[in-house]
Structure formats: C-alpha cells, structure tokens
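Listed here are the chains, written in short residue letters.
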Amino acid sequence: MSDGAVLHVKGRILAGPEDVRDELWVVGGRVTYDRPAGAREVTTVQGWALPGLVDAHCHVGLDAHGPVDADTAEKQALTDREAGTLLIRDAGSPSDTRWIDDREDLPKIIRAGRHIARTRRYIRNYAWEIEPDDLVAYVAQEARRGDGWVKLVGDWIDRDLGDLSPCWPREAVEAAIAEAHRLGARVTAHCFAESSLRDLVEAGIDCVEHATGLTGELIPLFAERGVAIVPTLVNIATFPKLADGGDKKFPRWSSHMRRLHERRYDTVRDAYDAGIPVYVGTDAGGSLAHGLVAEEVAELVTAGIPPVEALAATSWAARRWLGRPGLDEGAPADLVVYEADPRADVRVLAAPRRVVLRGRVVE
C-alpha cells in the first residue's frame, strides 16, 4: 500500500466485546468509521477484526542465556507480529531495544527496564543483582529508563533453605515501590511462591507475574487492592520438568513447584472469580518461544475464564490497562483479522488471516 492508499476492513469489527461494527477504514495509518470521500486506491480486507493482540509478559532481546543481538531480537519481534501480537509489555530485558521504536513494521514495546534481583538469586545474565540497601536507587534508575513500569524479582530459590523464599525485606519494597510511584512508574514482580505476596501487595505493588502462590487467604487482599496478575500459564506448564531436574539437590523446592503447578488452573479461576484483573502474558524470550499468545488465551479458558473475558485479557481490557487505544476513532490502525468470530472459539486466534500494523497489511 502506498502512503495515500486507503484500507477498507469489512465484516465484523470487534471494537469491544459487544461493540460490533460492519466496517472501518484506515486513512493515513489511523482508524476511522467515516467513509473517506474520493478514495481511489482502496484495498479491502474481510473477516472478524480485533485490536492488535497484547502480550503483557514478553521479553524481546533475551534468551535463556541473557541478552541477544539485534538480528535475534528482530526475529523474536517478527514472530510475535506473525501471531497477531502488536503490543508487548516487555517484562524485563538486559538488551537495549529502543531501536525497535523506529521500525514501523515491528510491534510496539512498553518496557519495564531490566529485572532487579537479589544477589545470586535469579537467572544469570538477566538482572541487576543487588542488595536491599540499593533497591530504591535501582528502581529509580529503571523507572527512568523504562516506559512506565519496573520489574522486581520478588522470590527465587534460596539454596540454603532449599526452597523458594522472598528476596526483599518489607521495608525495602515499601520504599522502592513508593519511589517508583513518585516517578510515575508502576511496579510488577516475578512471584512463584506464597510467602512474598502479602508484603508486596501491602507495599503497593501494581501487578504480580505468574502469581502461582495465590491462596484463598491472599486473594481477597489482591482484589481489595486491585492488583492485577499475569499468570503466564504456558510457562507454568514447564514446572514439572523443572521440578524433575531439581529432585536430587533441592527436593523441597521440587515438591513445592509441583504443588504450584497442580493447582494452577484453580488459582487463576479463583482469582478471576474474586474480581482480580487477569491479563495475557506468555513469558516468551527466556526459555520459551515467541508467538504463543493464542496458546495462553486458550490456557485461560481451560482454567475456567469465560472465552470473551480471556479474549479481552489480550485485547480491549489489556490495551486499556496499558494505556493504549484499541479500534477507536483516530487511533493507530493496529488490528488482526480472522476467518471466524474469536469470541465463539478463541482457538481462532492461532490463525490470523491478516495482520495490519500502523495501517499497513504486513501479514
């Protein structure tokens, strides 16, 4: 399409879960519901259109060993784009991916800066590894470097204990979260276990990643404070394999990981039923492949979240949570077109018919 071309999307435009329109137009890379006058070069796409999907926990520029080169990061972003993911919250990366902002053909990224972890308490080459006295300073640094988010490692295996345990004392996270909020950033944290959650939530955290440690005692606290979770169920599926690898050296940890895995669907359903906001995230870019957004939505449905709500967790609701528009009048035209109604069967998400990014058909 040339810069002066007009794109016409016909069929069913899912501007919201119940806001269904017959058509939209893309003029100058932006959405309009008003037929443009005098359009000559018009490309028509037909189907069911959704706002570009959101992966709210993804790592572009990172693999299992640490930062990757620009060519690898580009391939990661393109894989996500092919899956219909056009907005990524990058939940921690040691790579500088700002160059992606200048690429009109790659998804938009909302960065949380680099992970902040306790010394020798996280995956090597991923995080700033520090002690509690330095937490406020590093949170301030990453708040300034990121796009409105900071990522803490809330718990990890303590080798002396032989199990998961909190990484930070209560007073340290209180001061750090307060500093992030002062600087206009929200805070999220990697948390597998139960023991770190109360301190983080009562300290004012905005979101928890994975949240496998949510219990019946903790769920009302999350709901009362409005703390969101991003369950990353496609990542939690790897827990049994991880546990098998730790049986000899850390049997207590391995047993704990299996229990968290076994109750994962109940945890997510109970959180949803209590009114806790739940969003889609794949945790791609560490040991997981990119492009898994459709699988994660299907996992939320398996957990018991209604299909339309699981769909909202990667589209309308997720974009609103991250402060980005959907298929609104005048918004950037980032959308995905499918053969059938994804509200009726979320498995449709696995096969985008067309991907439109900044008003251009890219897939």
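For the structure itself, look to the data block above.
The sections below set out a description of the structure shown in this document. Note that the coordinates shown come from a computational prediction; the quantities given were computed from them, not determined experimentally.

Another aspect to go through is the overall build of the protein chain. Within the protein chain, the regular secondary structure consists of twelve helices and 20 strands. On C-alpha atoms alone, the protein chain measures out to a radius of gyration of 21 Å, which is about the 21 Å that the 2.2 N^0.38 rule sets for 363 residues. Each principal axis of the C-alpha distribution contributes one length, and for the protein chain these read about 70 × 40 × 35 Å. The buried share of the protein chain, taken over its 363 residues, is 55%. Long-range contacts, defined as pairs at least 24 residues apart, comprise 65% of the intrachain contacts of the protein chain with a sequence gap of at least 6. With 45 positive and 58 negative side-chain charges, the protein chain shows a spacing of 1 Å between the two charge centroids.

The next thing to look at is a positive patch on the surface. On the surface, a cluster of positive charge is made up of Arg120, Arg124, Arg159 and Lys249. The exposure class of Lys249 is exposed, given its relative accessible area of 67%.

If you walk across this open sheet you meet the seven strands as 3-2-1-4-18-19-20, and the pairing is mixed. Where the open sheet ends on each side, the last strands, each with one partner, are strand 3 (30–32) and strand 20 (360–361). Pairing of strand 1 (residues 6–14) with strand 2 (residues 20–27) involves seven bridges; the strand directions are antiparallel. The residue bridging Val9 from the neighbouring strand is Leu24, located in strand 2.

By the bridge criterion, four bridges tie strand 13 (residues 155–158) to strand 14 (residues 163–166) in an arrangement that is antiparallel. Across the sheet, the residue bridging to Trp156 is Ser165, located in strand 14. Counting the residues in the hairpin turn of strand 13 and strand 14 gives four residues, including Gly162, whose phi is positive at 80°.

Close approach of charged atoms allows side chains of opposite charge to pair. Tallied over the full model, the rule gives 27 salt bridges. Here Glu209 and Arg89 are joined by a salt bridge, their closest N and O atoms 2.6 Å apart. Separated by 120 residues along the polypeptide, Glu209 in strand 16 (residues 207–210) and Arg89 in strand 8 (residues 85–90) bring together distant segments of the chain. Each member of the pair Glu209 and Arg89 is classed as buried. A salt bridge links Asp147 to Arg98; its shortest N-O distance comes to 2.8 Å. Taken together, the positions of Asp147 in the loop between helix 2 (135–145) and strand 12 (149–153) and Arg98 in the loop between strand 8 and strand 9 (108–111) put the pair 49 residues apart, joining distant regions of the chain. A relative accessible area of 27% places Asp147 in the partly exposed class. One salt-bridge network, in which partners are shared between bridges, spans Arg170, Glu174, Arg198, Asp199, Glu202 and Glu217.

Okay, helix 8 (residues 251–262) next. Every α-helical turn comprises 3.6 residues, leaving residues that sit three or four positions apart pointing alike. Helix length check: helix 8 (twelve residues) gives 17 Å between terminal C-alpha atoms against 16 Å at 1.5 Å per residue, within 8%. Within helix 8, the full set of buried residues consists of Trp253, Ser254, His256, Met257, Leu260 and His261. Take helix 8 and look down its axis: the buried residues cluster within an arc of 160°, on one side only. Tucked inside the fold, the buried residues of helix 8 contact strand 13, strand 14, helix 6 (233–236), helix 7 (239–246) and helix 9 (264–273).

Definitions and cut-offs
- Residues numbered from 1 in each chain as written.
- Predicted model: local features only at pLDDT ≥ 70, side-chain atom pairs only at ≥ 80, totals over all residues.
- Heavy atoms only, no water.
- Helix = DSSP H or I, 4+ residues; strand = E, 2+ residues; numbered from the N terminus.
- Rg over C-alpha atoms; globule rule 2.2 N^0.38 Å.
- Buried < 20%, exposed > 50% of the residue type's maximum accessible area, 1.4 Å probe, protein only.
- Contact = heavy atoms within 4.5 Å.
- Lys, Arg positive; Asp, Glu negative; His and termini not counted.
- Charge placed at Lys NZ, Arg CZ, Asp CG, Glu CD.
- Patch = residues over 30% accessible without salt bridge, like charges linked within 9 Å, V, L, I, M, F, W, Y side chains within 5 Å.
- Areas by Shrake-Rupley, 256 points an atom, 1.4 Å probe, with all protein chains shown as cover.
- Salt bridge = Lys/Arg side-chain N within 4 Å of Asp/Glu carboxyl O.
- Pairing = 2+ DSSP bridges.
- Expected span 1.5 Å × (residues − 1).
- Arc of directions from axis to C-beta.

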